[in-house]
Every structure is written in structure tokens, then in C-alpha cells.
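# Structural overview
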Amino acid sequence: MSAKSVMAVVLGLFPMYSHAATRFVATTGVNSGACTSQASPCRTIPYGASQMVAGDTLIVADGTYSEINPIYDAVPSGNAGPDGIPRTADDVYTTVRAANDFGVLIDGSAWTGYAFGIRLREKQFIQVRGFRVHLSQGNENGAPVSIENSNHIKIIRNGFGYAGVTGNSSTVAVGVDSDYVLVEENFAFGGSRHLGRDVAVRHAVLGGLGHRVQGDGLAVLGRGRVVERIELGILR
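These remarks concern the structure in this document. Everything numeric in this text was worked out from a predicted model, so none of it was measured.

Scoring rules and cut-offs
Residues numbered from 1 in each chain as written. Predicted model: local features only at pLDDT ≥ 70, side-chain atom pairs only at ≥ 80, totals over all residues. Heavy atoms only, no water. Helix = DSSP H or I, 4+ residues; strand = E, 2+ residues; numbered from the N terminus. Contact = heavy atoms within 4.5 Å. Polar contact = N/O pair within 3.5 Å; in protein donor to acceptor, adjacent residues only side chain to side chain. Disulfide = S-S within 2.5 Å. Buried < 20%, exposed > 50% of the residue type's maximum accessible area, 1.4 Å probe, protein only. Salt bridge = Lys/Arg side-chain N within 4 Å of Asp/Glu carboxyl O.

This next bit is on the environment of Ser77. Its location among the elements puts Ser77 in the loop between strand 3 (63–65) and strand 4 (94–98). C-alpha separation for the pair Ser77 and Thr94, spaced 17 residues apart in sequence, amounts to 6.3 Å. Excluding residues that lie within four positions of it along the chain, Ser77 makes contacts with Ala54, Thr94, Glu122, Lys123, Gln124, Phe125 and Ile126. Separated by 3.1 Å, the side chain of Ser77 and the backbone nitrogen of Gln124 make a polar contact.

Dropping the structure here:
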């Protein structure tokens, strides 16, 4: 076998990863193109997310955004990187973040029906950071954030509130069948639910209607409880 053939075989054993792009959204933007110019951003989070590929970063400028279901199915999963082994240094995360922590308000106060600020279903290797998500307490069919059937998810430095006060609604829902989910340095008010395996809740402030943090036999119940650090078997 020639050296060229050997090289082709070796390269075929490993996936090729293109350079990740940074994309931009702002309230002054226009929904056209690939959103890769900060000087000419796109207008809405859903459109910006639809332009992403695995490993990209979407940066959302400060302001109020009211498009329904903004961080949803269009956000592509990342992956375990070139070595194919999760939780190693080369993991490739897709990131959606505010330009400045807490500078972006996702305003769902007028949404009806099944509506979510952040909903990740059957996703992996995604990080969401820096958003405030407010819904309507009159809508019981949604949540500021819901993670379902997903793994290797990071929800960092966000604020969630005004979830429905009736029905099976919650402010923060993690589960079903979600693994390796990190919820860190967030604040939330309204009914909250964390269900799943390998979930870490760190330095989170939960206040308001009473909350349940549950998994692997651990439950925390109370009003206005400050959860300094709860580790539920992460990386076990």
C-alpha cells in the first residue's frame, strides 16, 4: 500500500471538524445571510440558531426579544470532539449566549400554548448562558427552561421566572432521561422542578412559590431556599 493510501485510510478513521463560526443577533439586525458579521447582525434568535452548525457560537446583543420558542430545536448539538470520548478537553459545545450576562430578556409574557424560552430535546453538548427568561403565570403549558432526553448540557448564569402557576408547569425542568446536565449560577422564582440523573445544581438561588430539586434520592423543598451546592452523582 502506498504512503498516500495509508494516509487516506488513517484520515478516514477520524472525523474532520471545520472551524466553528461565531454568529450575531441584535434587535437592530435583519434576518438574512449567515449572521457572521457583528456589524450586520441578524434580527431574531430563532433565525440565528437556524444558521448554526455544531460547535458554533451565537452571541445575542442586549435587548428584549419576544419571538416564541427562541432557543429550541434549531440549535444544533455539539459533539464529543475528535477523540469521540465525552467529558474530555476536546468536547465541542454549541453555545448560545448573551453578549453580556443578564443583558438579554426573552419576553414570553404574551405567549400562549406550548411555549418555552429554552427547550432542548434530544440534544447534546450545548451551553446556554446569560439570558433572563420571563413567561406568563397564566400559561400552564410551557416553561422558561426545559431539558428533555438530552446530555452534556450547561445552563449557566441565567434568570428564570413567571412560569405558570397551575397545571404541571415549572420554572426549570431537567428530565426525562437527561444526563450530565449542569445548572450553575442561575436564579429562578416560581415553581421549579429538577428531575434526572447526573444533574449538578451549583450556586443557584431559587425563590418564590416553593421548589423541588430531586434526583438520586435527594429532594430539597422550601420557599426562598438558597442552594449553595448540590451534586447529584455528576460524572459518577
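Per the counting criterion, the structure on display carries 1 disulfide. Put simply, Cys35 and Cys42 are joined by a disulfide, and their sulfur atoms are 2.0 Å apart. Residues Cys35 and Cys42 are joined through a disulfide that is left-handed, its torsion about the S-S bond being -100°. Residue Cys35 shares its accessibility class with Cys42, and that shared class is buried.

What follows deals with the pattern of salt bridges. One pass over the full model with this rule turns up 7 salt bridges. Residue Arg157 pairs with Asp101 through a salt bridge whose shortest N-O separation is 2.7 Å. Here the residue Arg157 occupies a position in the loop between strand 10 (151–156) and strand 11 (159–161), and Asp101 occupies one in the loop between strand 4 and strand 5 (104–107), the gap between them amounting to 56 residues. Looking at Arg157, the relative accessible area reads 25%, which means it is partly exposed. What makes Asp101 partly exposed here is its relative accessible area of 28%.

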